[in-house]
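Listed below are the residues making up each chain.
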Amino acid sequence: MLTTADGRPLARALARSQGRARRKAFLLVLPLLAFILITFVVPIGQMLQRSFYNDGFSVHMPQVSAWFAATERGTPPDDAAWAALAADLTASAEARTIGVVGTRINYDMSGTRSLFTSTGRQVRSGIEPPYDQALLDINPAWGDPMLWSTMREAASPYTANFYLASVDRTRDEQGQIQQVEERQRVYLMLFWRTFWLSAVITALTFVLGFPIAHLLATLPMRKSNLLMILVLLPFWTSLLVRTTSWMVLLQQQGVINDLLVWLGVIGGGERLQMIYNQTGTIIAMTHILLPFMILPLYSVMRTINPSYVRAARSLGATSWTAFRRIYFPQTLPGLGAGAMLVFILAVGYYITPALVGGSSGQLISNMIAQHMTGTLNWSMAAALAALLLGAVLILYWLYDRLVGVDNLKLG
Amino acid sequence: MAVPTYASPLERVWHYFYLAICAAIFFFLIAPIIVIIPLSFNAAPYFTFTPAMRSLDPDGFSLRWYESLLTFGMQNPDSQGWAFWSDAWTNAKWVQAAKNSIIIGVFSTLVATVLGTLAALGLSRPEMPFRRAIMAILISPMIVPLIITATGMFFFYSNPCELLTLFGFSPECGRLAGTYLGVILAHATLGIPFVIITVTATLVGFDQSLNRAAASLGANPRTTFFKVTMPLILPGVVSGALFAFVTSFDEVVAVLFIAGPDQQTIPRQMWNGIREQISPAILAVATLLVISSIALLTTVELLRRRSERIRGVTPR
């Protein structure tokens, strides 16, 4: 057996020193890993928990929740149930949590928040048995089987309803899943629009980025470095500045419309509406994401040996055939990297659509923000975010597989 | 790129057509950024070139929007001399925003750069276990949509101790939302991927035998790091830090969600301006930001060349 100078087995000494090296390397990464876990991974996990966990009803309405847990789905409310409901409503109204309860039910059945708050105000002044009659006197809506079915759903803090709602589905009285009314179907359309617009933007960045990357890669270094500045300057310029300048340019009273009128292309009365709609979103986002396509394409094209194309030409290929069969296939790694990066970034874009998108150019991110700051339906925001995050992570995983995150380059 | 001598006339025509297309795309890339610079000197409150501007009449141009940047929010904009400047320093909205942006940018860059460089050093060692998976996690703040990150941070920063209740503790601790610390931590998180990417890219060409040479000559690990490794990777670290700073300086979504009224940054102030009543004052800010990004771009480019020179990587 081989041994070290001090008589230990060589294999063990080697394993030991390798283990020490591994631990040292890991210790260097550990602080950052912990930092990212605490400030980034855990917060997102906590947010995702809200998408399937909402105790707004179950915590503040314990007695009726217990009754729901003890009975079968579809059981009509009996005296015990009405008594439990009346007791919970009174307690919740006194603890001033009735609004939370109403809001929770309102998420699944719109228009019910005021039922809870107004009933709460009345039961605080006292409620006498029989409770079913008393509550129905306050508001006949308490007899609605749909309301009882909705409360049954909310009695358990764990729910899949927010996910159902984010794909435009809801539950009927029997708990069966069905599509929501036609005029309320927005989320699937928004997801579809987000992916469709991202695909259009990716295609446009490819069409615009390919010639530029090719030119930069084939020019001599000195010239291409100069021209590269024209690509890098937008890349380094603030996102808000670029969005603002597109707002200024594309306005009806803006530079482009003025120019078109001055050139006589359009009449003064028929100025084009190029902003606050999908066109605005597409133009601005294409401009903003173009460098992310050009840079990976460029770094791959730099490595393509020009003699392959020359060889193809000398063997009789036309320039188009040489490009299509020889040059283009070699650019595919760069194209794949650029396209995936642009698509991933486009799918989650928020700022630009919010500012230039109008109502037809809003993406799913804007809906998440709307639920966070407008309707305050945080569970809904979390469910939409979870679906979007899932899509992005799948793309990211593919990107890592095909390109490798360590091949990501900046400028 | 020249036309090859064997090109047919049609190919020559195509070649010049191709150059024209490229020129048009470069114009598309750069024109929107350049056009706001003259527009910010507009004397009229419009976003287009007025007839006076088109005829280069000096009356068509003015610095009024730059002045309005300074006076917006001031208590007594008509005061003179020292009183004017001290009022601007303490009350002007854009001055406050610039101060906040710089404070938050500098501290988040420090956090991101120190942690990111250490991690990049670890990740570049061949012995690093789970290298690929850890790298993917550390880069993910750049990939995950900002709105999702900001939403998660909003909940976490409102009650950072909620996490501990999962383990049975119920400590009391303050909010991070609405504090400088909260915004700094959030921006550090968002800047870290850029530091990791640039520093690991620098370390790819790093010759490990230099470290071994230093060690064999009797330097301890600390001396080796500060005297040998650090000077060589410094350009990468600095350009990573610049990326992190720009990320923070340009970030608005996390600020929207977790900053309080005291932490309004320049992008946040711009967001307000654009959403409410967009005035050419925004263009004046935008112009100042474009100028600063030109300065930054130049710095990064010079650093990159220096790095290539001292590492002996010749440009292809």
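Note that this is a predicted model, so its numbers are computed, not measured. Chains are numbered independently. Their residues run from 1 in the order of the written sequence. Numbering of ligands from 1 and lettering of chains from A proceed in the order in which they are written. Owing to the predicted nature of the model, reporting of local features is limited to residues with pLDDT of at least 70; listing and counting of side-chain atom pairs is limited to 80 or more, with chain, interface and lining totals taken over all residues.

### Some words on the overall build of chain A
Step number 1: Strands here are runs of E lasting at least two residues and helices are runs of H or I lasting at least four, both read from the DSSP assignment and numbered beginning at the N terminus. When helices and strands are counted, chain A shows 18 helices and two strands.
Step number 2: The C-alpha extent of chain A, read off along each of the three principal axes, is 95 × 95 × 35 Å.
Step number 3: Scored against the burial criterion, the 411 residues of chain A give a buried share of 42%. Three exposure classes are used, all based on how many other C-beta atoms lie within 10 Å of a residue's own C-beta (placed from the backbone): buried at 20 or more, exposed at 12 or fewer, and partly exposed between those limits.

### Remarks on the overall build of chain B
Step number 1: Scanning chain B for helices and strands turns up 14 helices and zero strands.
Step number 2: When its helices and strands are written in sequence order, chain B yields α-α-α-α-α-α-α-α-α-α-α-α-α-α.
Step number 3: In terms of overall dimensions, chain B has C-alpha extents of about 80 × 70 × 40 Å along its principal axes.
Step number 4: The burial tally for chain B puts 40% of its 316 residues in the buried class.
Step number 5: Residue pairs are scored as contacts if the distance between their C-beta atoms, which are placed from the backbone, is within 7 Å. Sequence separation of 24 or more characterises 67% of the internal contacts of chain B that already satisfy a separation of 6 or more.

### Structural notes on the interface of chain A and chain B
Step number 1: With 76 residues of chain A in contact, the opposing surface of chain B contributes 80 residues.
Step number 2: A total of 19 residues in the side of chain A that touches chain B trace back to one element, the largest contributor, which is helix α1 (residues 10-52) of chain A.
Step number 3: Classification convention: Asp, Glu, Lys, Arg as charged; Ala, Val, Leu, Ile, Met, Phe, Trp, Tyr, Cys, Pro as nonpolar; all other residues, Gly among them, as polar. Counted by class, the side of chain A that touches chain B contains 53 nonpolar, 16 polar and seven charged residues.

### Re the domain arrangement of chain A
Step number 1: Partitioning chain A into structural domains gives domain 1 (1-52), domain 2 (62-159) and domain 3 (187-407).
Step number 2: For domain 2 of chain A and domain 3 of chain A, the distance between their C-alpha centres works out to 51 Å. In this entry, domain limits derive from an automatic or database-based domain assignment.

### Overview of α1(A)
All names here are of chain A.
Step number 1: Given the number of residues in a helix, its expected span is that number minus one, multiplied by 1.5 Å. When the terminal C-alpha atoms of α1 are compared, their 55 Å separation across 43 residues is substantially less than the 63 Å that a helix rising 1.5 Å per residue should span.
Step number 2: Along α1, the sharpest change in direction is near 40° and occurs at Leu37.
Step number 3: Among all positions in α1, only Ala25, Val29, Leu32, Phe35, Ile36, Thr39, Phe40, Pro43, Ile44, Met47, Arg50 and Ser51 are buried. At every residue, the bend is computed as the angle between two fitted axes, covering the seven residues ending there and the seven beginning there respectively.

### A short note on the confidence of the model for chain A
The predicted structure's coordinates, where accompanied by low pLDDT, should not be read in detail.
Step number 1: Every residue carries a pLDDT, the predictor's confidence in it, which falls somewhere between 0 and 100. When pLDDT is averaged along chain A, the result is 88; 99% of the residues meet or exceed 70.
Step number 2: Model confidence for chain A, summarised as mean pLDDT per element, is weakest for strand β2 (residues 177-179) of chain A at 82 and strongest for helix α9 (residues 187-218) of chain A at 94.

### Focus: the environment of Arg222(B)
All names here are of chain B.
Step number 1: Relative to the helices and strands, Arg222 is located in helix α11 (residues 221-249).
Step number 2: Since 8 C-beta atoms lie within 10 Å of it, Arg222 is described here as exposed.
Step number 3: Distance from Arg222 to Leu185, taken between C-alpha atoms, is 28 Å for residues 37 residues apart in sequence.

### Digging into helix α7 (residues 146-158) of chain B
Step number 1: Helix length check: α7(B), at 13 residues, gives a terminal C-alpha distance of 18 Å against a target of 18 Å (1.5 Å per residue), a fit within 8%.
Step number 2: Of all 13 residues in α7(B), twelve are buried; the element is thus mostly enclosed.
Step number 3: Listed in full, the buried residues belonging to α7(B) are Leu146(B), Ile147(B), Ile148(B), Thr149(B), Ala150(B), Thr151(B), Gly152(B), Met153(B), Phe154(B), Phe155(B), Phe156(B) and Tyr157(B).
Step number 4: Its buried side turned inward, α7(B) meets α1, α17 (364-373) and α18 (378-402) of chain A together with α6 (131-143), α9 (180-204) and α12 (253-258) of chain B.

### Here we look at unusual backbone geometry
Residue and element names in this part refer to chain A.
Step number 1: Phi at Asp168 takes a positive value of approximately 60°, unusual for a residue other than glycine.
Step number 2: Residue position: Asp168 is located in the loop between α8 (161-166) and β1 (169-171).
Step number 3: A count of 18 C-beta atoms within 10 Å places Asp168 in the partly exposed class.
Step number 4: The phi dihedral of Tyr276 is positive, around 60°, even though this residue is not glycine.

### Description of the confidence of the model for chain B
Step number 1: In the predicted model, chain B carries a mean pLDDT of 86, and the fraction of residues at 70 or more is 95%.
Step number 2: Per-element averaging of pLDDT across chain B places helix α8 (residues 162-165) of chain B at the bottom with 70 and helix α5 (residues 93-123) of chain B at the top with 93.

### A word on the environment of Glu251(B)
Residues and elements named next belong to chain B.
Step number 1: In this fold, Glu251 is placed in the loop between α11 and α12.
Step number 2: Each C-alpha atom, one on Glu251 and one on Glu276, is 19 Å from the other, the two residues being 25 residues apart in sequence.
Step number 3: Not counting residues up to four positions away in its chain, the partners in contact with Glu251 are His187, Leu190 and Pro267.

### Re the packing of α17(A) against α18(A)
All names here are of chain A.
Step number 1: Throughout, an axis means a line fitted to C-alpha atoms (over the contacting stretch in the case of helices), and angles, computed between N-to-C directions, take values from 0 to 180 degrees. Where α17 meets α18, the axes come as close as 8 Å, and the angle between the chain directions of the two elements is 160°. Between α17 and α18, the interaxial angle falls into the category roughly antiparallel. At the point where α17 passes α18, the crossing takes the left-handed sense. Along the contact surface, α17 presents Ile364, Met367, Ile368, His371 and Met372, while α18 presents Trp378, Met380, Ala381, Leu384, Ala385 and Leu388. The scheme is simple: roughly parallel for angles under 35 degrees, roughly antiparallel for over 145, roughly perpendicular for 65 to 115, oblique for anything else. By the definition used in this description, the sense in which the near helix is turned from the far one sets the handedness, with an anticlockwise turn below a right angle giving left-handed and a clockwise turn giving right-handed.

### A word on the packing of helix α3 (residues 79-94) of chain A against helix α6 (residues 131-138) of chain A
Residues and elements named next belong to chain A.
Step number 1: Close contact between α3 and α6 brings their axes to 8 Å; oriented N to C, the two are set at 55°. The orientation of α3 with respect to α6, classified from their angle, is oblique. Facing Trp82, Ala83, Leu85 and Ala86 of α3, the residues of α6 in contact are Tyr131, Asp132, Ala134 and Leu135.
Step number 2: Its residues placed into classes, the contact of α3 with α6 shows seven nonpolar, no polar and one charged.

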